[in-house]
Amino acid sequence: MFVSYVLPVYNEQDGIQRFHDELVAALAERPDITYELVYVNDGSADGSLSILRDLAKNDPQVQVVDFARNFGHQIAITAGLDQATGDAVIIMDTDLQDPPKVSLELIDAWREGAEIVHARRRTRKDTFFKRITAHAFYRMLRSAAEVDIPLDTGDFRLLDRKVADELRKFRERGRFVRGIVASLGFRQTEVLFDRDERFAGETKYPLRKMARLAIDGVTGFSTMPLRLITRLGVVVLLLSLLGIAYAIGMFIFRPDITVSGWTMTMVVTLFLGGTQMLSLGVLGSYIGRTYTEAQARPLYIVRQVIRHDGD
């Protein structure tokens, strides 16, 4: 049983050695598992690459995919999947919020017949703001998406070899890996776990990146925003008709106070202008995705792949 671990790294110099030691220690308890650790250095600007070089030098199970620049977490996962060769592939972050021992539970669930095993967060040790925004993000995404994306699950999961091979066929740039995985089908199950606090450093998903990820998830797996524009147009039309009826009625029955129509004119103008700008913004998001995909540029550029044997 050969398992690949795909491990994205971005500015994790203070915690990467601790994570590696805990993961190797956990795997040492299971001599029935052989493994490889595929670290993907996503253009780190700190000393992460130097530490990863030492890991590869001292551990034959380690290889490091070094990006030419930062391409983002979802692309780093994709590069790791392209490199992984195991019978199963586990995706997890290296900040120790995803406990390494939980990955062994994912393997056990896979051996029992599951082809996709999601690690679902039962509890999480984050700030109140992070918990609230994450809770809202997952539920908003599930209600908007046209695929059944599991609640409270990040990218920490196990994929069977055939699932990983299917996932590698998806090459869109605006990637939302957990949505793509959910759309594949196969036999899926969940393992509950308690998410720890970050060992060191800062979160790599602040509010701005969470919002961008949410946009990728919604626009990549749902046309709901486009349908909302249509509904909004109907509402605006009805309100406009009511406004016209009101204006005509006032002109007929109260001509003495209908000389000044400035307030109504401004309200209608601003309301229609705001609605139009919102609609153009939503359309622009979908057109932008189409433009980016039409360019067909490489998803990532690898500077080098570092292995124990120096190749």
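Look a little higher up for the structure.
Note that the structure is a prediction, hence the values are computed from the model and not measured. (Residues numbered from 1 in each chain as written. Predicted model: local features only at pLDDT ≥ 70, side-chain atom pairs only at ≥ 80, totals over all residues. Heavy atoms only, no water.)

**A short note on the nonpolar core**
In terms of nonpolar packing, the biggest core is built from 37 residues, with Y5, L37, Y39, I90 and I107 touching the most fellow members. The dominant element in this core, judged by the number of residues it contributes, is helix α4 (residues 100-111), at six residues. Not counting residues within four places of it along the chain, the set of residues in contact with I107 comprises M1, V3, Y5, I33, I90 and L158. Counting 15 residues, the second largest nonpolar core, distinct from the first, contains V6, I77, L159 and V177. (Core = buried A, V, L, I, M, F, W, Y, C linked by side-chain atoms within 4.5 Å. Buried < 20%, exposed > 50% of the residue type's maximum accessible area, 1.4 Å probe, protein only. Helix = DSSP H or I, 4+ residues; strand = E, 2+ residues; numbered from the N terminus. Contact = heavy atoms within 4.5 Å.)

**Concerning a nonpolar patch on the surface**
A cluster of nonpolar side chains, contributed by L280, L283 and I287, occupies part of the molecular surface with about 300 Å² of accessible area. Relative to the assigned elements, L283 resides in helix α10 (residues 262-295). Overall, the relative accessible area of 37% leaves L283 in the partly exposed class. (Patch = residues over 30% accessible without salt bridge, like charges linked within 9 Å, V, L, I, M, F, W, Y side chains within 5 Å. Areas by Shrake-Rupley, 256 points an atom, 1.4 Å probe, with all protein chains shown as cover. Salt bridge = Lys/Arg side-chain N within 4 Å of Asp/Glu carboxyl O.)

**Concerning the packing of helix α1 (residues 16-28) against α4**
Taken N-terminus to C-terminus, the directions of α1 and α4 make an angle of 40 degrees; their axes are 8 Å apart at the nearest point. Considering the angle they form, α1 stands oblique to α4. Handedness of the crossing formed by α1 with α4: right-handed. Residues F19, E22, L23, A26 and L27 of α1 form the contact with α4, whose participating residues are P100, K101, S103 and L104. Here the residues of the contact of α1 with α4 are counted per class, giving six nonpolar, one polar and two charged. (Axes fitted to C-alpha atoms, helices over the stretch in contact; angles between N-to-C directions. Parallel < 35°, antiparallel > 145°, perpendicular 65-115°, else oblique. Left-handed = near helix turned anticlockwise from the far one by under 90°. Nonpolar A, V, L, I, M, F, W, Y, C, P; charged D, E, K, R; others polar.)

**With respect to unusual backbone geometry**
For N11, which is not a glycine, the phi torsion comes out positive at approximately 55 degrees. Tracing the chain through its elements places N11 in the loop between β1 (2-9) and α1. Classification of N11 by relative accessible area gives partly exposed; the value is 24%. A positive phi angle, near 70 degrees, is found at L96, a position not held by glycine. Along the polypeptide, L96 turns up in the loop between β4 (88-91) and α4. Owing to a relative accessible area of 8%, L96 belongs among the buried residues under this scheme.

**Things to note about the pattern of salt bridges**
Within this structure, the stated rule accounts for 15 salt bridges. With a closest N to O distance of 2.7 Å, R111 and D32 form a salt bridge. Note that R111 is positioned in helix α4 and D32 in the loop between α1 and β2 (34-41), a separation of 79 residues in sequence. Residue classification places D32 among the partly exposed positions, given a relative accessible area of 34%. Among the ionic contacts, a cluster of salt bridges with common partners joins R30, D32, D108 and R111.

**Re the packing of α1 against helix α2 (residues 48-58)**
The interhelical angle for the contact between α1 and α2, taken along N-to-C directions, is 30 degrees, at an axis separation of 10 Å. Judged on the interaxial angle alone, α2 and α1 are roughly parallel. From α1, I16, Q17 and H20 reach across to α2, where they touch I51, L52 and L55. Partitioning the contact of α1 with α2 into residue classes produces four nonpolar, two polar and no charged.

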